[in-house]
Amino acid sequence: MMARMTNDAFAESAAIARSTQQFQDLFKGVEFTPAQKASAVQIKKIYDSLIHRAVTISREVEQAPGLKIVATNSHGQQIEIIGLAEKKHPNIFDDRKLDITVVENKSPYNQSQKKWIAIAPIFDADGKPEFQSNGQPQTKHLGYISEAGLQQFQGDIKSFTELNNLSKEIVSGFAASQVRVAFKQVKEYAIAARESIPDLEKEAVAAAMWQVSTASKEDVERGFKKTSAAFAIFGEELVGRLDKLQFTEFAVVGTHKPSNEHLGRKWVGEKVECHIEQAPVPINPTQNKRWLVAEDKKLGVFRSESAQLPIGTSFTAEITSPPSASVIITSTQGNQLKVGQLKKYAFPEQEWKGDDGVITIKIVGTEKAVTPLAFVDDKPLGVVDKESFKLLSERLNVRGVKVDGFKFQGRLESTPATIANIKVDPETIRYPQVWAREEALVREKKIKANQKVSIRTEIPTADTPKTESVKREEWEKQMLKLAIVCLQDNPANAGEEMQTATFGDGKYRVIYHEPSEMLRVVDEDEQRGTLYKLQRGKAVQVCNFTDKEKQNFEILRLGQQFIKPASENLQRE
């Protein structure tokens, strides 16, 4: 809301609203008691209910003014139907019981307060039901189920699609004066709540309310609603925290991945020059992230819920790597075992650098909750990874050896830390002169209609035997062919390192990163994430297609309906 109001006045330098969770450390260092937190929770709960009621009334006056129906079933439950003037059902004022069917509003212009439509049968002047030519009862939209009405069904009315024999009462809708009264009550409560708190406790209660308001990740709209009580009641305390930069400690993630250009480096508090850069992430090349660049090399990305500094900001920072979260044990035979949850056991801080030791596997717990532990020289190291334990069990079962108590000589190597802790020196921060606008998705460059499309087609398939020795199954070959054709059909891919298109009747999206020769297929509709991933000359890294999907690929051929024409692909892009 604040960003929107600011942007009305400063459109050229628009502010971007952010999740309030990114600001959760605003009151860092301010302590509060359990009693103060309980007080903050109760105040916020009352404020939220009042503001919700005021906003609901305001929306109803704006979106569906005029009369409304209060319908009551035999159990005394009531449901409000608004928007009567818009729908103009001919039997609104008839003196009879009401039967309605509730359907979801599928209109692309659907507003949240008009999500559910009430449909009622039509009666003629003699009170007899009218019928269509096919013999079905004639019906018409009666109105919308109000937000207040939905509360009777805990916000979910899908299980109550038909409501019959309802008594009805037609009442006047809310007036503009009632909206003003509702918001006045919100303001009065905020003032009263603030005055009820002793001055010496205001900052502590403000900190408690801020903590509970920013504890979980929320979208921008809901995030504002979650913190509106804090802004309304503790505005002075919030402003007081802005005298100096509060967000100087961050954590970047992904430092164990190849994208970390410092991979293998153990940071022990070095102070180095850093800056913030926006760039794609290799695992999802169509998505931009904010990278921390240390000594001109990418280190890791900021979590979306983490505090952020503007793109282009430079500063000096102290970087520290936390202890490794897992260890890889390699036996003298070359077999590997991954062990995690190290913090709980005997070596929480130790860094293993090829150390040798006698490894013992012990099974603890009951049959329902078995935990395999790895011991080093009779001291517990951690929990054996599920997949590693499965492979070890299979190998030992073949040899007739019990897993519990199994010993072997092994070499231990700590895995790279998954995060790095960043402590910024606030005196060294240099903000960019021109602030770059954050773009969540990598832009696809547009080309002229008559420009020739030319993309590399040497995507790793079975049709490139000179450079590809990995054998592929028939369904896999066919799927890759379909994906390549749609990549070629998308003119936006011309000359691009990152190429993308939909295929499979729009169910899938193929993403090809030309420099790394990495191809991924993601689920476009059902949000199943990455379904397939491979790189030239290597075995498939990810394959989550179902057996049914594999069968569909195997029987399809180019030119069938499964491939959308280029024009349709362009429309989807």
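Keep in mind that this is a model prediction, so the values were computed, not measured.

**Considering the pairing of strand β1 (residues 68–72)**
- Counting buried residues in β1 gives five out of five residues, a clear majority hidden from the surface.
- Both faces of β1 are covered, namely the face carrying K68, V70 and T72 and the face carrying I69 and A71.
- Taking the residues that link successive antiparallel strands as the turn, the β1-strand β2 (residues 78–82) hairpin has five residues, and the phi of G76 there is positive, at about 90 degrees.

**Let's talk about helix α10 (residues 474–489)**
- Helix length check: α10, at 16 residues, gives a terminal C-alpha distance of 23 Å against a target of 22 Å (1.5 Å per residue), a fit within 8%.
- For α10, every residue scored as buried is listed here: W475, E476, Q478, M479, L480, L482, A483, I484, C486 and L487.

**Overview of the sheet that holds strand β12 (residues 326–331)**
- Spatially, six strands are ordered β12-β13-β16-β15-β14-β17 in a closed barrel, and the strand pairing comes out antiparallel. The average angle at which neighbouring strand axes cross in this sheet is 45 degrees, direction not considered.
- Bridge count for β12 against strand β13 (residues 336–340) is five bridges, and the pairing is antiparallel. The partner of V327 across the bridge, within β13, is V339.

**Focus on the packing of aromatic side chains**
- What the rule picks out here adds up to 15 aromatic pairs.
- Measuring from centroid to centroid gives 6.4 Å for W475 and Y532, while their planes differ by 80 degrees, and the two rings are edge-to-face. Residue W475 is found in helix α10, and its partner Y532 is found in strand β22 (residues 530–535); the two are separated by 57 residues along the sequence. Y532 matches W475 in its accessibility class, with the two residues each being buried.
- Aromatic pair W475 and F545: ring centres 5.7 Å apart, planes at 75 degrees, arrangement edge-to-face. Taken as a pair, W475 in helix α10 and F545 in the loop between β23 (542–543) and α11 (547–555) lie far apart in primary sequence, 70 residues in all. The pair formed by W475 and F545 is uniform in burial state, with each residue classed as buried.

Procedures and definitions
- Residues numbered from 1 in each chain as written.
- Predicted model: local features only at pLDDT ≥ 70, side-chain atom pairs only at ≥ 80, totals over all residues.
- Heavy atoms only, no water.
- Buried < 20%, exposed > 50% of the residue type's maximum accessible area, 1.4 Å probe, protein only.
- Helix = DSSP H or I, 4+ residues; strand = E, 2+ residues; numbered from the N terminus.
- Pairing = 2+ DSSP bridges.
- Expected span 1.5 Å × (residues − 1).
- Axes fitted to C-alpha atoms, helices over the stretch in contact; angles between N-to-C directions.
- Phe/Tyr/Trp six-rings, centres within 6.5 Å; stacked < 30°, edge-to-face > 60°.

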